[in-house]
Amino acid sequence: MPVEVREARTAAEVEAAGRVTVAANAEFAPADPDGPFAASWARYLVEMADAAARAAQGVLLVAVEDGEVVGTVTLYLGPGSLQWRPGDAMFRLLAVDPAHRGRGIGHALFQACLDRARAAGKRRMALHTTEWMVTARAMYERAGFVREPEGDAELPGVTIIAYAADL
């Protein structure tokens, strides 16, 4: 059965989306538990796990295979959804379960965000990432996203970098 990308339908899928997001980002945990990024990371872990909060603010998409959530992303289409330019669509926390990587699931979630934003009449898509998310950055750049430093954010120990593209 192929992977289906759609909105999360049940509380169990929302919870699974949070677990997948945490698992997918585990490789980026700070090596030094007392380093400058440790406190930011602890707050980020809580945010990653709380897919219900994201679903309440945006559209929580899941990639489902054989009844299992194997990927997720949150698409924000409304005002006040973390965009640095009013009117932009934005997505956050694109994540694929590490056991299911390399099969195009991340790309399918990314494409679903672009398609839904266009269908909603949005003219631009924005996103945040980090320097160490090399695979994600390469996918965004191949799709025509360009750096927009005015959307960057500084946290202790990390710079959150902004990209955007016209739709």
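Residues numbered from 1 in each chain as written. Predicted model: local features only at pLDDT ≥ 70, side-chain atom pairs only at ≥ 80, totals over all residues. Heavy atoms only, no water.

### Considering the nonpolar core
Then, in step 1: With 33 residues, the main nonpolar core has F91, M125, Y140 and F145 as its most contacted residues.
Then, in step 2: Among the secondary structure elements, those contributing two or more residues to this core are α2 (38–49), β2 (59–65), β3 (68–76), β4 (89–96), α4 (105–119), β5 (124–129), α5 (134–142) and β8 (158–166).
Then, in step 3: The biggest single contributor to this core is α4, with 7 residues.
Then, in step 4: Setting aside residues no more than four positions away along its own chain, M125 makes contact with L75, A89, M90, F91, C113, L114, A117, F145, Y163, A164, A165 and L167.
Then, in step 5: Counting residues in each nonpolar core, the second largest holds 11 residues, with A16, V20, L60 and V64 among its members. (Core = buried A, V, L, I, M, F, W, Y, C linked by side-chain atoms within 4.5 Å. Buried < 20%, exposed > 50% of the residue type's maximum accessible area, 1.4 Å probe, protein only. Helix = DSSP H or I, 4+ residues; strand = E, 2+ residues; numbered from the N terminus. Contact = heavy atoms within 4.5 Å.)

### Things to note about the confidence of the model for the chain
Should pLDDT be low for a region, the predicted coordinates there are not to be read in detail.
Then, in step 1: Here the chain averages 90 in pLDDT, while 96% of its residues score no lower than 70.
Then, in step 2: Within the chain, the lowest mean pLDDT, 79, falls on α2, and the highest, 98, falls on strand β1 (residues 4–7). (pLDDT = per-residue confidence, 0-100.)

### Concerning the side chain of R6
Then, in step 1: Structurally, R6 can be placed in strand β1.
Then, in step 2: Within the local environment of R6, its side chain forms a polar contact with the side chain of E4, the two groups lying 3.3 Å apart.
Then, in step 3: In contact with R6, other than residues within four places in its own chain, are E13, L60, L61, V62 and V64. (Polar contact = N/O pair within 3.5 Å; in protein donor to acceptor, adjacent residues only side chain to side chain.)

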